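Read off the chains here:
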Amino acid sequence: MDDISGNNPQHTDFSHLNADMLHTVLELVSDGIWDWNANTGFVYRNPGWYAMLGYPRHSLENNVFTWENVIHPEDYPKVMARFDDYIHRRAPHYQIEYRCRKQDGSYLWIEDRGYVIARNADGSVARMVGAHRDIHARKCSIEQLERRNQSLEALVTERTRELSRVNQQLQLQLNENRSLAERDTLTLVANRYRLEKVLLEECERAQRFRLPLALIAMDIDDFKPINDRYGHGVGDQTLVRVVECLESCVRADDLVARWGGDEFMVVLPESSLEVAKAMAATVRNTLKAAALQDDFSVTLSLGVAERQPGESPAALMARADQALYRAKAAGKDGVSE
């Protein structure tokens, strides 16, 4: 539906409605209705929404992540693109069909429509309401009709199965190649290509939902003398042990990546500068206590930065890298911001 938060006299502005009154009315509606307060992050979903997906009434968190988590992974990119186009006024309507995960693990086709009813002074969304409508039966009927129209299906069944087996093998090989292409061959963590890919996705997500995002840049102090004195084999072993230490400190949703040489980065979604500083201190202290080698000690210099509104991935990485250099200049084995 159209954005009705502007000055068009043909539209009605519902932004003045009392939230409790509106939600009381929505309790009586059978369709899946949602109401997003973008300034607070609170999302109300009426009982019809829960019933449609088979969840107990009001059993999920009242935030945008609940919505993100039920969208089918294959549909997620196009849904977010359509959503972004609408809330940033690049499209006049928000309407899209996609699959949502039900409580039993199956997926239900729904039609999602929404419209902005209030914007902030800077033009950003303040409040948006919409509805999820069950269209699964219609989708299934269309699929059944398509299957009936395939009159030659019996003649090509065996060939189709053979092609399917070949495609599965090719897909497995493709997945393996993709995994190898995004993984550092020595340390087995994400490589530079995957780091840039993930950081771009997280920056877009942080911008969309006004979430914090932090980055830690680090490298091993005096790594070249280790290679020169003990050989590249010991140097490689040191890199692997440092990565093991990093992975023992980070959280499940954080991404450890090798930026190049002895330099690493950690992407921390939904994390403030203070969280990143605490994480960096933990990594530094854990590595110092690990005693990776008998003949020499290994320390890290770390730089931390929190993403600023509208900041690009490249700019965020540059600020984290500058903080790393400040840590080096301050005497190494430390954390700087």
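A brief report on the enclosed structure follows. (Residues numbered from 1 in each chain as written. Predicted model: local features only at pLDDT ≥ 70, side-chain atom pairs only at ≥ 80, totals over all residues. Heavy atoms only, no water.)

### Let's talk about the packing of aromatic side chains
Then step 1. In the structure shown here, the tally under the stated rule is five aromatic pairs.
Then step 2. Arranged with centres 5.7 Å apart and planes meeting at 45°, the rings of Trp 36 and Phe 83 form a pair that is tilted. Within this pair, whereas Trp 36 is found in strand β1 (residues 32-37), its partner Phe 83 is found in helix α4 (residues 76-87), the two being separated by 47 residues in sequence.
Then step 3. Each ring, one from Trp 49 and one from Tyr 50, has its centre 5.2 Å from the other, and the planes form 80°; the classification is edge-to-face.
Then step 4. Take Trp 49: its relative accessible area is 0%, and that puts it in the buried class.
Then step 5. You can call Tyr 50 buried: its relative accessible area is 1%.
Then step 6. Through a chain of ring-to-ring contacts, three or more aromatic side chains come together here, namely Trp 36, Trp 67, Phe 83, Tyr 86 and Tyr 94.
Then step 7. In this structure, Lys 139 is placed above the aromatic ring of Trp 109, and the distance from its NZ or CZ to the ring centre is 4.3 Å. (Phe/Tyr/Trp six-rings, centres within 6.5 Å; stacked < 30°, edge-to-face > 60°. Helix = DSSP H or I, 4+ residues; strand = E, 2+ residues; numbered from the N terminus. Buried < 20%, exposed > 50% of the residue type's maximum accessible area, 1.4 Å probe, protein only. Lys NZ or Arg CZ within 6 Å of the ring centre and 35° of its normal.)

### Looking at the pairing of strand β4 (residues 107-119)
Then step 1. Counting buried residues along β4, eleven of its 13 residues qualify, which places the element largely inside the surrounding structure.
Then step 2. Of the pairings in the sheet, the one linking strand β3 (residues 94-101) to β4 comprises eight bridges and is antiparallel in character. By the bridge assignment, Ile 96 is partnered in β4 with Asp 112.
Then step 3. The loop that links β3 with its antiparallel partner β4 comprises five residues; one of these, Gly 105, has a positive phi angle of about 95°.
Then step 4. Relative to strand β5 (residues 125-134), β4 is paired through nine bridges, and the arrangement is antiparallel. (Pairing = 2+ DSSP bridges.)

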